[in-house]
Amino acid sequence: MPPELVQRLRAGDRGAVAEALNLADDRRPAKRAEALALLDALDQDAPFPGAARVGVTGAPGAGKSTLLDALVRGLRRRDATVAVVAVDPSSQRTGGALLGDRIRMRSGAGDPGVFIRSMAARDRLGGLAESTWAAVSILAASFDHVFVETVGVGQSEGEIAALADSLLFVANPGGGDTLQFMKAGILELPDLFAVNKADVGPLAERTARELEGGLRLTERDPKDWAPPVELVSARDGTGIDALLDLLDTHREHALAAGQLAARRESGRRRFVVESLRRRFGSFGLERVGGVAGVEDQLNQSTDESAFAALARLTRTLEERLGGA
């Protein structure tokens, strides 16, 4: 199945996208083997740089979903295809995704160039759903842009920065969050900042100035990318095209500086290490030499996809723990 499914995904077949995402979610052993073969093939054959991968994060209430909806509409006006992975809070009763925010995202309705997938964060407060990495690989095969929107409680920025080519932080006017962000080290991670609800006027402008002031205090190499702060309004469309242009500019900068390839390799390593840590804990990781041991094994197989490396190291750990 994988070669035929890979071809359909590359051709932008929406039926193939849904089929591949369902396969990646299937927990049955035989289907997991098929999913691994598919994800490995997609990773191995993926053109570089391929689809633009953008993470969208920010505090609850900042308007991430409505801004993302405006960005999707802006990209469709540019004839680009767009996929969105929305990581939602989980229902305490069912464990499924609470989809309230998706109700505000209407750009995908009836448009074959837009695909939206909601995923439950489950027990990962603020973190990415387990299957988010697989979903991004699948969607990147079929769409020009893949956005990942986090739950947005300030605990997932590191994870999403490892997954995305560009990390966009959405700030709420008057949120007074700048000092807290600085304390948490969050200002060091995003590549772009958008102060949403610019239509409120002076309050949004003051928040933008506070962010710019905070960013000037962070230590950066003068040659590094300087994260811009853009005033936008998802409601009236102010600044949306400028923000899309800035996303393009950041990607071009990262490509030219060789940072995009390094970022994706760093993300591959983080995905493998964190997946193993979640499954086996720190004690289990020590059976392969801890994080350094995993890194050493990844160094010896740089042509191996993240999914193949994770499967191989999982088998190794299961064998060693089984014999412990």
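Located above this text is the structure these notes cover.
The structure contained in this document is the topic of the report that follows. (Residues numbered from 1 in each chain as written. Predicted model: local features only at pLDDT ≥ 70, side-chain atom pairs only at ≥ 80, totals over all residues. Heavy atoms only, no water.)

1. Here we look at the packing of aromatic side chains
Moving on, step 1. Applying the stated criterion to the full structure yields four aromatic pairs.
Moving on, step 2. Their ring planes at 35° and their centres at 4.9 Å tell us that tryptophan 133 and phenylalanine 271 sit as a pair that is tilted. Placement of tryptophan 133 in helix H5 (residues 132–140) and of phenylalanine 271 in helix H10 (residues 259–286) is noted, with a sequence separation of 138 residues between them.
Moving on, step 3. For tryptophan 133, a relative accessible area of 16% corresponds to the buried category.
Moving on, step 4. Here phenylalanine 271 and phenylalanine 307 contribute two aromatic rings whose centre-to-centre distance is 5.4 Å and whose plane-to-plane angle is 65°, an arrangement assigned as edge-to-face. Separated by 36 residues along the polypeptide, phenylalanine 271 in helix H10 and phenylalanine 307 in helix H12 (residues 306–322) bring together distant segments of the chain. For the pair phenylalanine 271 and phenylalanine 307, a shared accessibility class is recorded, and that class is buried. (Phe/Tyr/Trp six-rings, centres within 6.5 Å; stacked < 30°, edge-to-face > 60°. Helix = DSSP H or I, 4+ residues; strand = E, 2+ residues; numbered from the N terminus. Buried < 20%, exposed > 50% of the residue type's maximum accessible area, 1.4 Å probe, protein only.)

2. So, the pairing of strand E3 (residues 114–120)
Moving on, step 1. Where burial is concerned, most of E3 is hidden: five out of the seven residues are buried.
Moving on, step 2. Pairing of strand E2 (residues 82–88) with E3, which is carried by seven bridges, proceeds in the parallel orientation. In the sheet register, valine 82 faces E3, and the bridge partner there is valine 114. (Pairing = 2+ DSSP bridges.)

3. Quick word on the packing of helix H3 (residues 29–45) against H12
Moving on, step 1. H12 packs onto H3 with a crossing angle of 135° between their chain directions and a minimal axis gap of 7 Å. Our classification of the angle between H3 and H12 gives oblique. Contacts from Leu36, Leu39, Asp40 and Asp43 of H3 reach H12 at Ala306, Phe307, Ala308 and Ala311. (Axes fitted to C-alpha atoms, helices over the stretch in contact; angles between N-to-C directions. Parallel < 35°, antiparallel > 145°, perpendicular 65-115°, else oblique. Contact = heavy atoms within 4.5 Å.)

4. A closer look at the sheet that holds strand E1 (residues 52–58)
Moving on, step 1. Taken in spatial order, the seven strands of this open sheet run E3-E2-E4-E1-E5-E6-E7, and their pairing is parallel. Each of the sheet's edge strands pairs with one partner strand only, and the pair in question is E3 and strand E7 (229–231). Strand after strand, the sheet turns through a mean of 20° between neighbouring axes, direction not considered.
Moving on, step 2. Sheet analysis places E2 next to strand E4 (residues 145–149), joined by five bridges and oriented parallel. Bridge pairing in E4 links alanine 83 to valine 146.
Moving on, step 3. Sheet strands touched by helix H8 (residues 202–217): strand E5 (166–171), strand E6 (192–195) and E7. Its angle to E7, the strand with the most contacts, is close to 175°.
Moving on, step 4. On top of the sheet, helix H9 (residues 240–256) reaches E1, E4, E5, E6 and E7; it is set at about 170° to E6, its chief contact.

Purely geometric numbers; function is a separate question.
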